[in-house]
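Here are the chains, one letter per residue:
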Amino acid sequence: MSTLKALKTLIAKPSRLKALLSYGHKGYLNSIGWFTAFDQKQAVDREGKALPWVTYSFIDFIKERINKTQHIFEYGSGSSTIFYAERAGSVTSVEHDESWFDKVKNNSPANAEMIFCKLEQDGEYAKKATLLDRKFDIIIVDGRDRVNCCKYSIEALSSNGVLILDDSEREFYHPARIFLKEKGFKELSFSGISPGFFYEKATSVFYKTDNCLGI
């Protein structure tokens, strides 16, 4: 729907406009801090604390399931690095954008390790979790070259580890979903909106029966 058409609809239905105007100080969008994220153009909650740029339904699911015994690897860094580091034992993040890497590294917690790696399709970046020769309880794929990241990363998962793919609704990433299911993973998808954005998206958890999130 175009902006002009949307405005005409609101004018024709003033009750909708009244409701929308009220959501800035009450209701679900206000309570989750959506307006704060929108205003600041950052993934934050109502108090300005860091959030990952994933669906709110996934955030509600994961925030109470992470603990200090768990070690996380993430493709892509930012406010998510802070969010996960506050809850997990450690977070290791790989980032391909050097200027963004420098910015995040300067603000990252002590238990967050930042790794810069140039991006090459199906190259070192996608293989980074495996190349570290460590096992991770949670691997989050929210960077570039996501299909290859998913394919290589399962070798770096602990015996009860899970893999999380953001924007899993995108057709471009369907090969990763197919691959993971063929490897015996089940998919639990969380759809909805994310901090500061109003389009629908999905964040999926891929897990096996014995997993660290108690699914």
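Per an unreviewed UniProt entry, the chain carries the name FkbM family methyltransferase and comes from Pedobacter chinensis.

Novice: How should the overall build of the chain be read in this particular structure?
Specialist: Counting its secondary structure elements, the chain contains 10 helices and seven strands. Taken over the C-alpha trace, the chain has a radius of gyration of 19 Å; the compact-globule value for 215 residues is 17 Å, and the two agree within 12%. Taking the principal axes of the C-alpha coordinates as reference, the chain spans close to 60 × 40 × 35 Å. Expressed as a percentage of its 215 residues, the buried residues of the chain come to 47%. Looking at the chain as shown, the accessible area adds up to about 11500 Å², and 53% of this sits on carbon and sulfur atoms.

Novice: What should I look at first to understand unusual backbone geometry in this one?
Specialist: Most peptide bonds take the trans configuration, and most residues that are not glycine carry a negative phi. Although it is not a glycine, Asp145 adopts a positive phi angle of roughly 50 degrees. Mapped onto the elements of the fold, Asp145 is located in the loop between strand 4 (136–141) and helix 9 (146–153).

Novice: How do you make sense of the environment of Ala37 when you look at a structure like this?
Specialist: Relative to the assigned elements, Ala37 resides in helix 4 (residues 34–40). Given the relative accessible area of 1%, Ala37 is considered buried. Sequence separation between Ala37 and Ala50 is 13 residues, and the spatial gap between their C-alpha atoms is 9.7 Å. Beyond its immediate stretch of four places on either side in the chain, Ala37 contacts Gln42, Val44, Pro195 and Gly196.

Novice: It is not clear to me how the nonpolar core should be interpreted in this structure. Could you clarify?
Specialist: The nonpolar side chains of soluble globular proteins are, as a tendency, buried together. Counting residues in each nonpolar core, the largest one holds 29 residues, and the members touching the most others are Phe58, Ile62, Ile72, Tyr84, Ile138, Val205 and Leu213. Within the residue set of this core, elements represented by two or more residues are helix 5 (56–62), helix 6 (79–85), strand 4, strand 5 (157–166) and strand 7 (201–207). Here the element with the most residues in this core is helix 5; it accounts for five residues. Residues within four places of Leu213 in sequence aside, it is in contact with Phe61, Ile62, Arg65, Gln70, Ile138, Val162 and Val205. Grouped together as the second largest cluster of nonpolar side chains are 24 residues, Cys117, Leu157, Phe185 and Phe206 included.

Novice: Teacher, can you tell me more about the sheet that holds strand 1 (residues 71–75) here?
Specialist: Spatial strand order, 3-2-1-4-5-7-6: seven strands in an open sheet with mixed pairing. With partners counted over all chains shown, the strands left at the sheet margins are strand 3 (112–116) and strand 6 (186–192), one partner each. When strand polarity is set aside, the average angle formed by the axes of neighbouring strands in this sheet is 15 degrees. In this sheet, strand 2 (residues 90–95) lies alongside strand 1 in parallel orientation, the contact comprising five bridges. Pairing of His71 across the sheet is with Ser90, part of strand 2. The sheet strands contacting helix 9 are strand 1, strand 4 and strand 5, and the helix crosses strand 5 at an angle near 170 degrees.

Novice: How should the layout of surface pockets be read in this particular structure?
Specialist: Empty space among the atoms becomes apparent when a probe as large as a water molecule is rolled across them. Put simply, the largest pocket is a space of about 840 Å³. Secondary structure elements with two or more residues in the lining of the largest pocket: strand 1, helix 6 and helix 7 (98–106). With four residues, helix 6 is the largest single contributor of residues to the lining of the largest pocket. For the second largest pocket, the calculated volume is near 220 Å³. As for the second largest pocket, its lining consists of 13 residues, and the residues nearest its centre are Asp45, Leu51, Ile59, Asp60 and Lys63. Among the elements that line the lining of the second largest pocket, the one with the most residues is helix 5, at three residues. Each residue belonging to the lining of the second largest pocket can be placed in one class, and the counts come to six nonpolar, one polar and six charged.

Analysis parameters
Within any chain, residue numbers begin from 1 and follow the written order of that chain's sequence. Two thresholds apply to this predicted model, a pLDDT of at least 70 for residue-level local features and 80 or more for giving and counting side-chain atom pairs, whereas whole-chain, interface and lining totals are computed over all residues. The side-chain values count all of the structure's non-hydrogen atoms but skip hydrogen atoms and water molecules. Put simply, DSSP H or I for four residues or longer makes a helix, DSSP E for two residues or longer makes a strand, and each gets a number counted from the N terminus. When we talk radius of gyration, it's over C-alpha atoms, and the globule rule is simply 2.2 Å times the number of residues to the 0.38. Using a 1.4 Å probe on the protein chains alone, a residue whose accessible area is under 20% of its type maximum counts as buried, one over 50% counts as exposed, and one in between counts as partly exposed. Here, Shrake-Rupley sampling with a 1.4 Å probe gives the accessible areas, and only protein chains in the shown set may cover a residue. Two residues qualify as a contact provided that any one of their heavy atoms is within 4.5 Å of a heavy atom in the partner residue. What we call a nonpolar core is a set of buried Ala, Val, Leu, Ile, Met, Phe, Trp, Tyr and Cys residues that are connected through their side-chain atoms within 4.5 Å. Only strands joined by at least two bridges in the DSSP assignment are considered to pair. Axis lines are fitted to C-alpha atoms, over the contacting stretch for helices. Their N-to-C directions set the angle, which ranges from 0 to 180 degrees. Only protein atoms enter the 1 Å grid, on which a cavity is a set of points fitting a 1.4 Å probe that cannot get out and a pocket is an open set with protein on both sides within 12 Å along at least 5 of 7 lines, lining residues being those with an atom within 4 Å of a point. Grid points are joined across faces, edges and corners, and a volume is the space filled by probe spheres set on the points. Note on residue categories: nonpolar means Ala, Val, Leu, Ile, Met, Phe, Trp, Tyr, Cys or Pro, charged means Asp, Glu, Lys or Arg, and polar means any other residue, Gly included.

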